[in-house]
Amino acid sequence: MIVWLNGTFGAGKTTTAQELLDLLPGSTLYDPELLGSGLRLMLPAKRFEEIDDYQDLPAWRRMVVDTAAALLTEVPGPLVTPMTLLRQEYRDEIFGALAARRIPVRHVLLHAEETILRARMAHREETPDAPEAQESIRRWSLEHLAPYADALPWLRGDAHVVDTTRLTPRQAAEQVAEAVRTGAGTCDIVQTPEPTAETLAAGVLLFDDQDRVLLVDPTYKAGWEFPGGVVERGEAPAQAGVREVAEELGIELPRALRLLVLDWEAPHPPAFGGLRLLYDGGTLSPDRISKLQLPGAELRDWRFVTESEAETMLPPVRWNRLRWALRARERGCPLYLEAGATLG
């Protein structure tokens, strides 16, 4: 298990984590910031000039998961992880990959009032012998107050909140330990196994009466997606699409779905790639749309969007797949793609 202590700078993550080690038998401190420091030493400096934070590195996010899995082969756990995580898509990627490894997460938000946070930052001394470096750290910490405020709505909905405004680190740790014992902060994410080879996946495009397409927001991976999923062994792809739509949204579709595109996705390690099929699921009436369901462990949200809106929400390959699927729908003729691009 991982006890992920989230919160902005000054919330008390590090001091609470140290106290928590005494309260959770077998626990070990796991600080992913060390992975970021290691990447700074190993990657070219130019790579860090391209990003704002080491969390923006896909390598860091993958290493967080891989290192946690490796540590749990050496120690009984839980791993106490004091780490600020404000971008929801990074939370989805990391927590979803941990769920795929069957590593449960208790997500706890240590929160404090802004006036208290500012006071703590003003008195924080990490490098007392280097005043310029100390001032840079304080300035950097203050700059994260606004992103933290922006992230609070989803953080409060996702994590168990412990208000540290008037708590000592020991008192905060005692509340976290009690939350862990009672199962608070459990991230109920669908446990999608990580692929071990190329996969075959079937997606279904559903439309409203304005011809907007339905996208869904998975809890277990970053970014918006089409309804659908991986085709199971011995299952017909179209049948898989129908099954996934029923499981994800509670919508029963006819078995005869019309193929729009077949897209070969090239392997980009650590991803394996494979074949991606998109089917036309037809237009949903307002009554059927009103009955759409969301399994909390799998999907966070759904939205009907225009083609131009979808371009801002989907990664490039997925967006190109949708773009060509809409053209195929208009022409009544399926298309073959490779990496989201047509051939010929």
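Residues numbered from 1 in each chain as written. Predicted model: local features only at pLDDT ≥ 70, side-chain atom pairs only at ≥ 80, totals over all residues. Heavy atoms only, no water.

## Details of the overall build of the chain
And then number 1: Helix and strand counts for the chain come out as 13 helices and 13 strands.
And then number 2: On C-alpha atoms alone, the chain measures out to a radius of gyration of 23 Å, which is about the 20 Å that the 2.2 N^0.38 rule sets for 344 residues.
And then number 3: Along the longest, intermediate and shortest principal axes, the C-alpha atoms of the chain span 70 × 45 × 40 Å.
And then number 4: Classification of the 344 residues of the chain by burial places 47% in the buried group.
And then number 5: For the chain, long-range pairs separated by at least 24 residues make up 73% of all intrachain contacts whose partners lie at least 6 apart in sequence.
And then number 6: Accessible surface, the chain as shown: approximately 17,000 Å² in total, 54% of it carbon and sulfur.
And then number 7: In the chain, 37 positive and 52 negative side-chain charges are present, and the distance between their average locations comes to 2 Å. (Helix = DSSP H or I, 4+ residues; strand = E, 2+ residues; numbered from the N terminus. Rg over C-alpha atoms; globule rule 2.2 N^0.38 Å. Buried < 20%, exposed > 50% of the residue type's maximum accessible area, 1.4 Å probe, protein only. Contact = heavy atoms within 4.5 Å. Areas by Shrake-Rupley, 256 points an atom, 1.4 Å probe, with all protein chains shown as cover. Lys, Arg positive; Asp, Glu negative; His and termini not counted. Charge placed at Lys NZ, Arg CZ, Asp CG, Glu CD.)

## Side note on the packing of aromatic side chains
And then number 1: In the structure shown here, the tally under the stated rule is three aromatic pairs.
And then number 2: With a centroid separation of 5.3 Å and 65° between ring planes, the pair formed by Trp4 and Phe95 is classed as edge-to-face. Of this pair, Trp4 sits in strand E1 (residues 2-6) while Phe95 sits in helix H5 (residues 88-100), placing them 91 residues apart in sequence. Summarising the burial analysis for this pair, Trp4 and Phe95 share the class buried.
And then number 3: The aromatic ring of Phe9 is capped on one face by Lys13, whose charged end is 5.3 Å from the ring centroid. (Phe/Tyr/Trp six-rings, centres within 6.5 Å; stacked < 30°, edge-to-face > 60°. Lys NZ or Arg CZ within 6 Å of the ring centre and 35° of its normal.)

## Regarding the UniProt feature "domain: Nudix hydrolase" (unreviewed entry) in the chain
And then number 1: As annotated in UniProt, the feature "domain: Nudix hydrolase" (unreviewed entry) corresponds to residues 197-327 in the numbering used here.
And then number 2: Taken end to end, residues 197-327 is 28% helix and 33% strand, and its first and last C-alpha atoms sit 30 Å apart. (UniProt positions renumbered as here; feature names shortened; annotations may be inferred.)

## Remarks on the pattern of salt bridges
And then number 1: Overall, the coordinates contain 34 salt bridges when judged by the stated rule.
And then number 2: The salt bridge involving Arg118 is made with Glu114; its shortest N-O contact spans 3.0 Å. On the criterion of helical spacing, the pair formed by Arg118 and Glu114 is a turn pair, its members being four residues apart in helix H6 (residues 114-123).
And then number 3: Here the salt bridges share partners, and the residues they tie into one network are Arg91, Asp92, Asp158, Asp217 and Arg300. (Salt bridge = Lys/Arg side-chain N within 4 Å of Asp/Glu carboxyl O.)

## Regarding the packing of helix H2 (residues 33-42) against helix H4 (residues 58-71)
And then number 1: Relative orientation of the contacting elements H2 and H4 amounts to 130°, with a least axis distance of 10 Å. Comparing the axis directions of H2 and H4 gives the class oblique. Two packed elements cross with a definite hand, and for H2 against H4 that hand is right-handed. Contacts from Leu35, Gly36 and Leu39 of H2 reach H4 at Ala59, Trp60, Met63, Val64 and Thr67.
And then number 2: Tallied by class, residues from the contact of H2 with H4 come to six nonpolar, two polar and no charged. (Axes fitted to C-alpha atoms, helices over the stretch in contact; angles between N-to-C directions. Parallel < 35°, antiparallel > 145°, perpendicular 65-115°, else oblique. Left-handed = near helix turned anticlockwise from the far one by under 90°. Nonpolar A, V, L, I, M, F, W, Y, C, P; charged D, E, K, R; others polar.)

## Thoughts on helix H9 (residues 169-182)
And then number 1: The terminal C-alpha atoms of H9, which comprises 14 residues, lie 20 Å apart, in line with the 20 Å expected from a rise of 1.5 Å per residue.
And then number 2: Every buried residue of H9 is listed here: Ala172, Ala173, Val176, Ala177, Ala179 and Val180. Viewed along the axis of H9, the buried residues span an arc of 160°, placing them on a single side of the element. For H9, the exposed residues set more than 90 degrees away from the buried face come down to Arg181 and Thr182.
And then number 3: Check the buried side of H9 and you find it contacts E1, helix H1 (13-23), strand E4 (105-111) and strand E5 (160-163).
And then number 4: Gly183 sits one or two positions beyond H9 and adopts a positive phi of about 85°. (Expected span 1.5 Å × (residues − 1). Arc of directions from axis to C-beta.)

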